[in-house]
Amino acid sequence: MGKVEPFGADDPHYLGLSFVVTCGIQLTCFFIAFSCKFDLITDFAGSTNFVLLGLMTLFLGGSYTDRQVAVTAMLVISRMELAVFLLYRVCSRKKDARFDDTRNSFVKFLVFWIFQIFWVYLVSFPVIWVNSVTNVNPALGALDYIGWAAWVIGFLSQLSSDFQKLLFRKNPDNKLKICKDGLWSYSRHPNYFGEIMMWLGIFLATVPIWLEDGEESGWATVVSPVFTILILLFLSGMPTAEGKALKRYYTNGDGLRQEYEEYRNRTAPIVPCCPPIYAVMPDGAKCLCCCEFGRYAYPSDEATHLT
């Protein structure tokens, strides 16, 4: 079976089709979630949307090259694992606390779902685009293998850190304790590190295509790892996980506060680092090399007020 172009020659890379499909899925799920006032399908809808785009474009392209199958498989495996994990977690908690202030507001809740449309669409770019290329197929080489290795490191990092934190939180004795199990002793957010590495790996595995004559426009797919890094560093990742979100460590006694500050001083925010080395790094080096930005600290005015 040859390549199928549902939108014709005006959409050779399935970007238009993928955007329409993503909008349809996310807006449908938004109306269901808003009408029923629950959060159980929110993350599941996002993760499974990735899977649909990957498989849809692979089948429409009809080439099934080793590279196309490999990057599509990486996408499907990582997003299905994430979908199942997040669905289990939110079902266990009965709700997603992120939406306590938004689920009853049509506009605020819709804004989140619109953001999810662009998250799914932009981050899927390398897989969508490479699956549409049927006229060139360079042999697998170093960039493919480096990309695959980066993805494996990222997937194992995210998988292990998610389950380490899940098991830690399931123990009621750990309610006001800091998770330092496994990878969490080397990174404050190893799951974010895993997410970045996976999409960087997928992008790298598609680069051999963009090096071919006539396929230079494919470099636009670098938006996938770049967008992932930006949202985790500045939008829905670190800023919501730290900053004011650290309140529980600063409002439950000096002992917990001091323990957290010591942990923070010795543990890198995202990329795993040896604690003794990170502890002696100058603040400037931590900021430039490890993205230890001041906005991630608990607000000084709040901390001063508490003391």
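Keep in mind it's a predicted model, so treat the numbers as computed, not measured.

So, how was this worked out
Residues numbered from 1 in each chain as written. Predicted model: local features only at pLDDT ≥ 70, side-chain atom pairs only at ≥ 80, totals over all residues. Heavy atoms only, no water. Axes fitted to C-alpha atoms, helices over the stretch in contact; angles between N-to-C directions. Helix = DSSP H or I, 4+ residues; strand = E, 2+ residues; numbered from the N terminus. Parallel < 35°, antiparallel > 145°, perpendicular 65-115°, else oblique. Left-handed = near helix turned anticlockwise from the far one by under 90°. Contact = heavy atoms within 4.5 Å. Nonpolar A, V, L, I, M, F, W, Y, C, P; charged D, E, K, R; others polar. Phe/Tyr/Trp six-rings, centres within 6.5 Å; stacked < 30°, edge-to-face > 60°. Buried < 20%, exposed > 50% of the residue type's maximum accessible area, 1.4 Å probe, protein only. Lys NZ or Arg CZ within 6 Å of the ring centre and 35° of its normal. Patch = residues over 30% accessible without salt bridge, like charges linked within 9 Å, V, L, I, M, F, W, Y side chains within 5 Å. Areas by Shrake-Rupley, 256 points an atom, 1.4 Å probe, with all protein chains shown as cover. Salt bridge = Lys/Arg side-chain N within 4 Å of Asp/Glu carboxyl O.

**Student:** Hey, could you run me through the packing of helix 7 (residues 190-210) against helix 8 (residues 223-234) in this one?
**Tutor:** A pair of packed helices is characterised by two quantities: the angle between their axes and the separation of those axes. Two numbers describe how helix 7 lies on helix 8: the axes approach to 8 Å, and their chain directions differ by 165 degrees. The angle between helix 7 and helix 8 falls in the class roughly antiparallel. Between helix 7 and helix 8 lies a crossing of left-handed hand. Contacts between helix 7 and helix 8 involve Tyr192, Glu195, Ile196, Trp199, Leu200 and Phe203 from the first element and Ser224, Pro225, Thr228, Ile229 and Leu232 from the second. In the contact of helix 7 with helix 8, the residues fall into eight nonpolar, two polar and one charged.

**Student:** Explanation requested: the packing of aromatic side chains in the structure shown.
**Tutor:** Aromatic rings considered in pairs are described by the distance between their centres and by the relative angle of their planes. Taken as a whole, this structure holds 27 aromatic pairs when the rule is applied. Between tyrosine 249 and tyrosine 260, the aromatic rings sit 4.6 Å apart at their centres with planes inclined by 5 degrees, giving stacked as the arrangement. Pair noted here: tyrosine 249 is in helix 10 (residues 247-250) and tyrosine 260 is in helix 11 (residues 254-266), with a separation of 11 residues, a long-range link. Judged by centre distance (6.2 Å) and plane angle (70 degrees), the ring pair of tyrosine 250 and tyrosine 260 falls under edge-to-face. With a gap of 10 residues between them, tyrosine 250 in helix 10 and tyrosine 260 in helix 11 connect regions that are remote in the sequence. Summarising the burial analysis for this pair, tyrosine 250 and tyrosine 260 share the class buried. By way of ring pairs, the aromatic residues Phe30, Phe31, Phe34, Phe106, Phe109, Phe112 and Trp113 are connected into one cluster. For lysine 3, the ring lying beneath its charged end belongs to tyrosine 14, and the centroid distance is 5.5 Å. Across the ring face of phenylalanine 34, the terminal group of lysine 37 is positioned such that the distance to the ring centre comes to 3.9 Å.

**Student:** Explain a nonpolar patch on the surface to me, please; I cannot follow it from the model alone.
**Tutor:** On the surface, a cluster of nonpolar side chains totalling about 440 Å² of accessible area is made up of Leu27, Phe31, Phe106, Val107 and Val111. Sorting the residues of the nonpolar patch by element identifies helix 1 (15-36) and helix 4 (106-123) as the ones contributing at least two each. For the nonpolar patch, the element with the most residues is helix 4, which contributes three residues. Taking the relative accessible area as the measure of exposure, phenylalanine 31 reaches 44% and is therefore partly exposed.

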